[in-house]
Every structure is written in C-alpha cells, then in structure tokens.
Amino acid sequence: MDYDVAGKLCEVKSSIPEGVTLVAVSKFHPNEYIEAAYAEGQRVFGESHEQELSKKYDTLPKDIQWHFIGHLQTNKVKYIAPYISMVDAVDSLKLLKEINKQAAKHDRVIDVLLELHIAQEATKYGLTIDACRQLLDDGEWRNLNNVRICGLMMMASNTDDENQIRSEFIQAADFFDEVKAKYFADSAAFCQRSWGMSHDYKIAVECRSTMVRVGTTIFGPRVY
Ligand SMILES: *Cc1c(COP(=O)(O)O)cnc(C)c1O
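Residues numbered from 1 in each chain as written. Predicted model: local features only at pLDDT ≥ 70, side-chain atom pairs only at ≥ 80, totals over all residues. Heavy atoms only, no water.

A. Spotlight on helix 1 (residues 5-15). Of the positions making up helix 1, those classed as buried are Val 5, Leu 9 and Val 12. The buried residues of helix 1 occupy one face: seen down the axis, they fall within an arc of 65 degrees. Exposed and oriented more than 90 degrees from the buried face of helix 1 are Glu 11 and Ser 14. In the core, the buried residues of helix 1 are packed alongside strand 1 (21-25), helix 2 (31-39), helix 8 (201-206), strand 8 (211-214) and helix 9 (216-219). (Buried < 20%, exposed > 50% of the residue type's maximum accessible area, 1.4 Å probe, protein only. Helix = DSSP H or I, 4+ residues; strand = E, 2+ residues; numbered from the N terminus. Arc of directions from axis to C-beta. Contact = heavy atoms within 4.5 Å.)

Dropping the structure here:
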C-alpha cells in the first residue's frame, strides 16, 4: 500500500474536537485501506454503493459500524437492512417507510438521518427545508417503530467560497434547532448534525457539526 492511511487518519482525528464522530468514507477504496484505518481503532465507515458495501461487509470485521451515506434506492434497502448501522441520507418518506419495513423483518431499529438540500446545486439530493417540515408535520413517521430519526445531514455547495459554505452550515444548524424543539424535544436520540467533508469539515465543526464524513483526506483520491 503506497498511501499512509494511518498517518492521515491520525491527522484528521487530531483536528476534530472530541465528541464529533468521524465517519471514514471508504467508498471506492479497497479493503486493505479500511483495514489500515481499523488497525488504528477506526470503527465507523461510510459507503455509498450497496453492492460495494455488501462485499466489504462480508469480508471485513463485524464490529465495523457501516453508514450508508449516499442516495439509497428503495429496492436496495433490503440488502443492507440486516447490518447497516445508520442510513445518513434519507430524502423521502417513501425511503423512510421502506427502511422501517425492512428493519422490522430483522427485528431491528435502524438509525437514520434526514438529508437536507440547502446547497445551490441541482445535482444534490435531499429534502428542502420546506419539504422536511412537511414530512415531519405530516406525522406518519411517528408510527414507524423500526426507524429512529437521529438528526439531520447535509452537504454544502462544492465551492471555494468559505462564506457560502459557512452560511449553508449555519442554515442547517438553525433548522436543526427548530426541528429539535418542535418535534424531538423529548428524544435524546435526535442529536446529530452531520455536515463536513474533506474540504470543509473544519468549517463544519465551527458550525456545530457533530458528525463529519471524511474520505479523500484519509484515504487519498478515489479511482473510479
Ligand atoms: C463521498 C462523500 C463524502 C466524502 O467526501 P470527501 O470529499 O472524499 O471527503 C462525504 N459525504 C458524502 C455524502 C459523500 O458521498
């Protein structure tokens, strides 16, 4: 292996405050990269393609907590429902209901985050702030006993404009407070604000992120 995963991981870990969860995004990287991070104590990994994840799940240690961080198609939920630790990017009621249904089959409660679309880019998935309010107002989620909504997730615009990135994180953090007060005041589980990737995680933690998803900085560039 010609890349210092262990060293990079330690650098990232030392640059985020204690209490912020590091999701090591290992998509498109081979098992030996994940094993190198695992040997350093990393247990939380993020993947965004079902087949790749299922292959890694089969062959890597079972105490890894796998996060599904990408856009999840409803027909793929059944494959990851037996073992997934968190689905980070729920962007519709339909997906939430499917996760609930598949989780019930395995007698599990699956942790999820609702994904917001705040960035000024059509390419990104997620619920607009209004759509997220609507989903929560609608109330059907309250009957879904096999999913647990643990917070919000979002990606900022892919830009070098730090002010833009910061303003999007702050919008997300403010909306988190609104949602927490209105729907989850008595849920200790609703506590996660997942924002920040390789190029913006330091700004994200300044804007109250509790969970950063870092790939490239730990594992190097992805080869697609
Ligand atoms: C790939 C990905 C990341 C990690 O991106 P890097 O720039 O490599 O750190 C984080 N979040 C999501 C949703 C991703 O798809």
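B. Region of interest: the sheet that holds strand 1. Read across the open sheet, the eight strands follow the order 7-6-5-4-3-2-1-8; overall the sheet is parallel. Two strands lie at the open edges of the sheet, namely strand 7 (192-194) and strand 8, each paired on one side alone. Shown here is a sheet whose adjacent strand axes are inclined to one another by a mean of 30 degrees, direction ignored. In terms of strand pairing, strand 1 meets strand 8 through four bridges, oriented parallel. Among the inter-strand pairings, Val 23 is bridged to a residue of strand 8, identified as Arg 213. (Pairing = 2+ DSSP bridges. Axes fitted to C-alpha atoms, helices over the stretch in contact; angles between N-to-C directions.)

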